[in-house]
Amino acid sequence: MKINTKRVVSMIITAVMLVVMLPSFAMGESGKKYTETLQPEGWTLVENEGGATLSYTKGGGVDLIEVDGYAFKDLDRDGELDVFEDWRVDYKERSRDLVTNGGLSLEFQLGLKMNPFSVGTPAKTLADTTKTALDLGYRHIRFSSVGAELITTWNNEIQKHIEANTDVVAIPATFIADPLEGNGVTDWPGNLALAATFDPELAHEYGRTLSKEWHSMNLTMNVGPQVDLATEPRWSRNDMTFGEDPQLSIDMTRAMINAWQSTYDDDGNDLGWGKDSVNIQVKHIRSEGAGEGGREAHTLDGAYAVYPGGQFYTSILPYFAAQDLPGKTGMVSSAMTSFSIGVDENGDSVLGERVSTSYNAEKINGLWRAANGW
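Being a predicted model, the structure only gives us computed values, none of them experimental.

Conventions and cut-offs
Residues numbered from 1 in each chain as written. Predicted model: local features only at pLDDT ≥ 70, side-chain atom pairs only at ≥ 80, totals over all residues. Heavy atoms only, no water. Salt bridge = Lys/Arg side-chain N within 4 Å of Asp/Glu carboxyl O. Helix = DSSP H or I, 4+ residues; strand = E, 2+ residues; numbered from the N terminus. Buried < 20%, exposed > 50% of the residue type's maximum accessible area, 1.4 Å probe, protein only. Pairing = 2+ DSSP bridges. Axes fitted to C-alpha atoms, helices over the stretch in contact; angles between N-to-C directions. Core = buried A, V, L, I, M, F, W, Y, C linked by side-chain atoms within 4.5 Å. Contact = heavy atoms within 4.5 Å. Parallel < 35°, antiparallel > 145°, perpendicular 65-115°, else oblique. Left-handed = near helix turned anticlockwise from the far one by under 90°. Phe/Tyr/Trp six-rings, centres within 6.5 Å; stacked < 30°, edge-to-face > 60°. Lys NZ or Arg CZ within 6 Å of the ring centre and 35° of its normal.

A few points about the pattern of salt bridges
Then comes step 1: The tally for this structure, following the rule as stated, stands at 12 salt bridges.
Then comes step 2: Of the charged contacts, one joins R88 and D68 as a salt bridge, the two residues approaching to 3.1 Å between their closest N and O atoms. Of this pair, R88 sits in the loop between strand 5 (70-73) and helix 2 (91-101) while D68 sits in the loop between strand 4 (64-67) and strand 5, placing them 20 residues apart in sequence.
Then comes step 3: Using a relative accessible area of 52% as the deciding quantity, one classes D68 as exposed.
Then comes step 4: Between K275 and D276 there is a salt bridge, with the nearest N and O atoms lying 3.4 Å from each other.
Then comes step 5: The structure contains a network of salt bridges with shared partners spanning D68, D86 and R88.

As structure tokens, then:
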């Protein structure tokens, strides 16, 4: 039997080349593992296979970097994939790298810490004051409800300005709102009305629904819920609480915050932090529901909260419940301090110095940070 050696060698080489090229065929000619889709509003949606979903405006100042077939945003415009730009890396490591290697000045970092920058009623175009704040590093934005369409339009304009005008890393803005301002699409009753159902499952459904609605508008932080115990019937904000019962408040607090913060699959399984998650800022530690004479602590004549009979520690139970969530996010992501000075029936401080919570080391460092690992 004669063997055509040249033909056999040629077939082997062809076979080897096909094997080598198979991954490229699977990914497409360029090896790309992502798609770009232009949206009607002018921005581009980027979907990575099994990875992060991104968005940017072509020609707007920030371009994509392709590495291993995936797309990443070149936030510092240096043409290289930095650790803080790599969505495959843990967020803690990315944050450390951003601070260390991102080239951010101390002044810009101070701007990032300002929370929040309130611009009043948003418009379809940005005011000069808003542009100036963004250029200085302000990235936490809060505004009142004006409807989903204007919110999303305004958010897109904010991000577009950041990408086009930031001299350093183009860090996106986060948007903060209060559920009391009616920023959802669906209409829900307030906290006290939800508590009147005695049904934590309903509070859970509320949290899941609103988190999806908010995230679709790029609202990623909720200044709430308010979980103060309503122990002073004259207080003007009782309707924003879960009532006076500690156990009911604990149950409603856990259910609502857990649902707001977690993302769920189609079968209702808790996935933890994800695409539908909204950061929660529980308020007001430690705690505002016992305002003297029912007066409001936002005003000077409401400077004191009175906890007779040693009931200060009863009033803080819902806040500790927020630190022990049943889902994968584990604990509430942030907290707002109370504005008042906590005293007993004799006018003596209930804990630490006789000063407002934000200045009370025992309340902040001891009873909150040390106890909860913050």
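Re the sheet that holds strand 3 (residues 53-56)
Then comes step 1: In space, the 3 strands of this open sheet follow the order 1-2-3, with antiparallel pairing throughout. The open sheet has two edge strands with one neighbour each: strand 1 (34-38) and strand 3. Averaged over all neighbouring strand pairs, the angle between strand axes comes to 20°, with direction disregarded.

A word on the nonpolar core
Then comes step 1: Membership of the largest hydrophobic core comes to 55 residues, with the highest contact counts inside it found for I158, F175, L219 and W260.
Then comes step 2: For this core, the elements supplying multiple residues, two or more each, are helix 4 (128-136), helix 5 (148-165), strand 8 (174-177), helix 6 (191-195), helix 7 (200-216), helix 8 (246-261), strand 10 (279-285) and helix 11 (361-372).
Then comes step 3: Looking at this core, the element that brings in the most residues is helix 8, giving 6 residues.
Then comes step 4: Excluding residues within four positions of it along the chain, F175 makes contact with I141, F143, W154, N155, I158, Q159, N218, L219, T220 and M221.
Then comes step 5: Counting 8 residues, the second largest nonpolar core, distinct from the first, contains V46, Y56, Y70 and A71.

Some remarks on the packing of helix 7 against helix 8
Then comes step 1: Viewed as axis vectors pointing N to C, helix 7 and helix 8 meet at an angle of 25°, and their least axial separation amounts to 7 Å. In terms of their interaxial angle, helix 7 and helix 8 are classed as roughly parallel. Once helix 7 is placed against helix 8, the crossing between them reads as right-handed. Between helix 7, through P200, A203, H204, Y206, G207, R208, L210, S211 and W214, and helix 8, the contact on the second element is made entirely by D251, M252, A255, M256, A259 and W260.

Let's talk about the packing of aromatic side chains
The description of two aromatic rings rests on the distance between their centres and on the angle between their planes.
Then comes step 1: Scanning the entire structure with this criterion turns up 9 aromatic pairs.
Then comes step 2: Here Y70 and W87 contribute two aromatic rings whose centre-to-centre distance is 5.6 Å and whose plane-to-plane angle is 85°, an arrangement assigned as edge-to-face. In this pair, Y70 is assigned in strand 5 and W87 in the loop between strand 5 and helix 2, connecting sequence segments 17 residues apart.
Then comes step 3: Its relative accessible area of 19% is what places Y70 among the buried residues.
Then comes step 4: On the basis of relative accessible area, W87 is assigned to the buried category, the value being 19%.
Then comes step 5: Taking the centre distance of 6.1 Å and the plane angle of 75° together, the rings of Y206 and W260 count as edge-to-face. Linking Y206 in helix 7 with W260 in helix 8, this pair joins segments that are 54 residues apart in sequence.
Then comes step 6: In this structure Y206 comes out as buried when scored by relative accessible area, which is 7%.
Then comes step 7: Since its relative accessible area comes to 0%, W260 is described here as buried.
Then comes step 8: The aromatic ring of Y264 is capped on one face by R208, whose charged end is 4.3 Å from the ring centroid.

Geometry only, nothing functional implied.
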